[in-house]
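The primary structure of each chain is shown beneath.
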Amino acid sequence: MAETTWSDERLVAAARRGDVESIAALVAGAHPHVQRFARSLCATPEDAEDAAQEALIVLYRKIGTLRASGALVSWMFRIIRNECIRRTRLMMRPPKPPFNEVTAVPSAEDEVFERLEAARVAAAIAALPADQRQVLIMRDVQGLSGRMVAERLGLSIAAMKSRLHRARAAVQRTLSDPALGDLDAAF
């Protein structure tokens, strides 16, 4: 039998059908590629190792759910990317107070300000033209990739990026407008 690459469609198809040897070969073959990609994306070597391990676990457990054999590489790299992003967000969160320390409960005033700010953002998004609003929601709220948004809307990637840029700029202008941002005037 000829040498196959780790993402060979026949190997992937056999793994999707549950062939244990094919799954093992797929995981073993993917390992160096997954590690290299994780090292290029994650903030720390430890996070890269954990992200690579998570991706291989997902590959092992969920290979049967992959819809198309040719989509394996992009699927694996999307898993790694999402895991690296998740780990970066965790690092950026403020540390939780010790268990026995009394935690501050947000005041009613803080909750009102949070709701007002959320309402301002929602209103700014709702005020966008439909084409810009759709791109912004798909990309920034739903977290779809730029390529996926462009494909779903039948746009070129450049057109999608242009709409997204205009939408983000309009929301930012609306939120920074003193007339719209003066919360004291509301009370």
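Above this text you will find the structure in question.
Residues numbered from 1 in each chain as written. Predicted model: local features only at pLDDT ≥ 70, side-chain atom pairs only at ≥ 80, totals over all residues. Heavy atoms only, no water.

Some remarks on the pattern of salt bridges
For the structure on display, the rule yields 3 salt bridges. For the salt bridge of Glu83 with Arg86, the shortest nitrogen-to-oxygen distance reads 2.7 Å. Taken as a pair, Glu83 and Arg86 lie in helix H4 (residues 72-92) at a separation of 3 residues, close to a single helical turn. Take Glu83: its relative accessible area is 9%, and that puts it in the buried class. Assessed through its relative accessible area of 40%, Arg86 is described here as partly exposed. Arg168 is the partner of Asp140 in a salt bridge, and the nearest nitrogen-oxygen pair spans 2.6 Å. On the criterion of sequence distance, the pair formed by Asp140 in helix H6 (residues 130-141) and Arg168 in helix H8 (residues 157-176) is long-range, its members being 28 residues apart. (Salt bridge = Lys/Arg side-chain N within 4 Å of Asp/Glu carboxyl O. Helix = DSSP H or I, 4+ residues; strand = E, 2+ residues; numbered from the N terminus. Buried < 20%, exposed > 50% of the residue type's maximum accessible area, 1.4 Å probe, protein only.)

A few points about helix H1 (residues 9-16)
Listed in full, the buried residues belonging to H1 are Leu11, Val12, Ala14 and Ala15. Projected onto a plane normal to the axis of H1, the buried residues spread over an arc of 160° and lie on a single side. Counted as exposed and oriented over 90 degrees from the buried face of H1: Glu9 and Arg10. Turning to H1, the residues buried within the fold contact helix H2 (20-41) and H4. With its phi angle positive at about 100°, Gly18 sits one or two positions after the end of H1. (Arc of directions from axis to C-beta. Contact = heavy atoms within 4.5 Å.)

Topic: the side chain of Gln35
Inspection of the secondary structure puts Gln35 in helix H2. Here Glu49 takes part through its side chain, which lies 3.0 Å from a polar atom of the side chain of Gln35. Once you skip the residues sitting within four places of it in the chain, Gln35 turns out to touch Glu49 and Ala52. (Polar contact = N/O pair within 3.5 Å; in protein donor to acceptor, adjacent residues only side chain to side chain.)

Examining the packing of helix H3 (residues 45-62) against H4
Look at H3 against H4: their axes get within 9 Å of each other, and the N-to-C directions meet at 135°. As the angle between them shows, H3 and H4 are arranged oblique. Of the two elements, H3 crosses H4, and the hand of that crossing is right-handed. Mapping the contact onto sequence places Asp47, Asp50, Ala51, Glu54, Ala55, Leu56, Val58, Leu59 and Lys62 in H3 and Leu72, Trp75, Met76, Ile79, Ile80, Glu83, Cys84, Arg87 and Met91 in H4. Residue composition of the contact of H3 with H4, grouped by class: 12 nonpolar, no polar and 6 charged. (Axes fitted to C-alpha atoms, helices over the stretch in contact; angles between N-to-C directions. Parallel < 35°, antiparallel > 145°, perpendicular 65-115°, else oblique. Left-handed = near helix turned anticlockwise from the far one by under 90°. Nonpolar A, V, L, I, M, F, W, Y, C, P; charged D, E, K, R; others polar.)

Any functional reading would require information that these geometric values do not contain.
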